[in-house]
Every structure is written in C-alpha cells, then in structure tokens.
Amino acid sequence: YYLALFTDNRLWYVASCEAAFRYGEDLDSRALTTTLEFKVTPTLTFSIGPQLQVDTYGAQWVGSLADPTATETYGSRYLFAHMDQTTLAADIRMDWIISPTLSVQLYMQPLISSGRYSGFKSLARPRTYQFANYGENGSTITPQSSPAGGIISYELDPDGAGPATPVEIGNPDFNIISLRGNAVLRWEYLPGSVLYLVWTQSRSDYEPVGDIEFGRSMNHLFEVRPDNIFMLKLSYWLGM
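All values derive from a computational prediction rather than experimental measurement.

A. Examining the layout of surface pockets more closely. Considered as a void within the structure, the largest pocket measures approximately 220 Å³ in volume. If you trace the largest pocket, you find 14 residues lining it, with Y107, M108, G181, N182 and W199 closest to the centre. Of all the secondary structure elements, the ones that give two or more residues to the lining of the largest pocket are strand 5 (76–99), strand 6 (102–123), strand 11 (174–190) and strand 12 (193–207). Top element by residues in the lining of the largest pocket is strand 11. It accounts for five residues. Considered class by class, the residues forming the lining of the largest pocket number nine nonpolar, three polar and two charged.

B. Here's a closer look at the sheet that holds strand 9 (residues 151–157). In space, the three strands of this open sheet follow the order 8-9-10, with antiparallel pairing throughout. The open sheet is flanked by strand 8 (140–145) and strand 10 (167–170), the only strands paired with a single partner. Neighbour to neighbour, the strand axes of the sheet diverge by 25° on average, direction disregarded. With four bridges connecting them, strand 9 and strand 10 associate as antiparallel partners. Opposite S153, over in strand 10, you have G170 as the bridge partner.

Rules behind the numbers
- Residues numbered from 1 in each chain as written.
- Predicted model: local features only at pLDDT ≥ 70, side-chain atom pairs only at ≥ 80, totals over all residues.
- Heavy atoms only, no water.
- 1 Å grid on protein atoms, 1.4 Å probe; cavity = no way out; pocket = protein on both sides within 12 Å on 5 of 7 lines; lining within 4 Å.
- Points joined across faces, edges and corners; volume = space filled by probe spheres on them.
- Helix = DSSP H or I, 4+ residues; strand = E, 2+ residues; numbered from the N terminus.
- Nonpolar A, V, L, I, M, F, W, Y, C, P; charged D, E, K, R; others polar.
- Pairing = 2+ DSSP bridges.
- Axes fitted to C-alpha atoms, helices over the stretch in contact; angles between N-to-C directions.

Below, the structure is given as structure tokens:
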C-alpha cells in the first residue's frame, strides 16, 4: 500500500507526505516520509525531509554453528531470530544561486537505526520456513548479563540434557548512528571555465544496544570524530 500527498509546488513553500506499508510472510514494513521545501527567495531554496521506517523481520539471519547432532541440516545449525528495526533519518538540503556564475549547495543526512533481536531459533529442515525455537521442546536459551544489567550474550542448547554441546553467541542487538554531509561551491570564473570546491564529511559509530534514544544518539553522533575530505576541481576552456 502506498499513499502520497503533495501541495501546490507553485507556492513559496511545498509540503509532501508519503506513506508505504508492506506485509509478507517474513517482513512487515511501515515507512513515513515528509518533505518541507521553502523558496526563501527566487535563488535560495531550503528543504528538510524527515523519514521514519519500522521493519519487523520474522526470521532475520544471525549466524551458523557447527553441530554434528544437527543431522537434518547437515551438521550445522543455522540461527535466525525475530528482529524489530527502527530507522530515523532526514535529508537536509540548501541551494543558493548567489549570481549567474556563483552558487553553493549544501546537503546533510543524519541517520539512527536500531535493531532488537528476540525469539532465537534454528532452521528445522532445508528449503523450508520451519524453525525449532530455543526454549521449547527441551531446548534452552540463557541470557548472560553484564554488571550494568544489559544482555551481552546468549547460551543456546538445542536439546537440554541431550548430546548437543551448548554454545554461546554475542547479543546481536545494534544501534548505528551516522552523518553524511557535503558542500559544493561552483564558480564560473570565465565563460566555460569552472572552479569546484567540495567539502565532504562523514561520521559513524556502533553500539550493541537495541533501543533508539534520539537525544542520546544525536549527542553521541556529534562527539564522534569525523572524516573530512576536501577536493578542488578546475577546468579552463580554450576558446577557438
């Protein structure tokens, strides 16, 4: 399902809203995107486009473990889990035509994405969507906590007191933050001859946390050391 609403783009401001919903056996996805564009002057435009996407995966891949007792899956256990993922992002843009020969463009995209895993399970038979859930039918799953109380790993035992050896996996929960931005100055210093000055900055970080906390994540994002790239391009037109 998809719905899009737009205002009249001839006005000094333009607003749009788009919503998308998708449902399936393994994935439910809901996305909402809004855009506000302001034509401050005929030569200066500013826009911001917040985005929210919520995805629910019924069987997200976690990893594989060697286990000789897993005869149905050829000596390996293929681990999956239910995963709830939330992503917040925004596209921020400014276009400024200072003169017919000089212009500036700015773009920035902050992003926060978190994923929480639950309901760990292993594939029951090849080429099927059937799973053996840990914690059922004699199998066990035991979370291991840190001194602060957060889950750092899980001990998985597919058959309890049976012959299979328990294994420990790290907590796959995640919280990813990133910021990408660039600024471009274009100057046509002579007819057909152009100078480009580009500045690109990116920063990102990862935490093993499955919750989204907007304020904490944004504060941490601006504390991360950025990577800066500066580029200069110069072209000169030889008139005939």
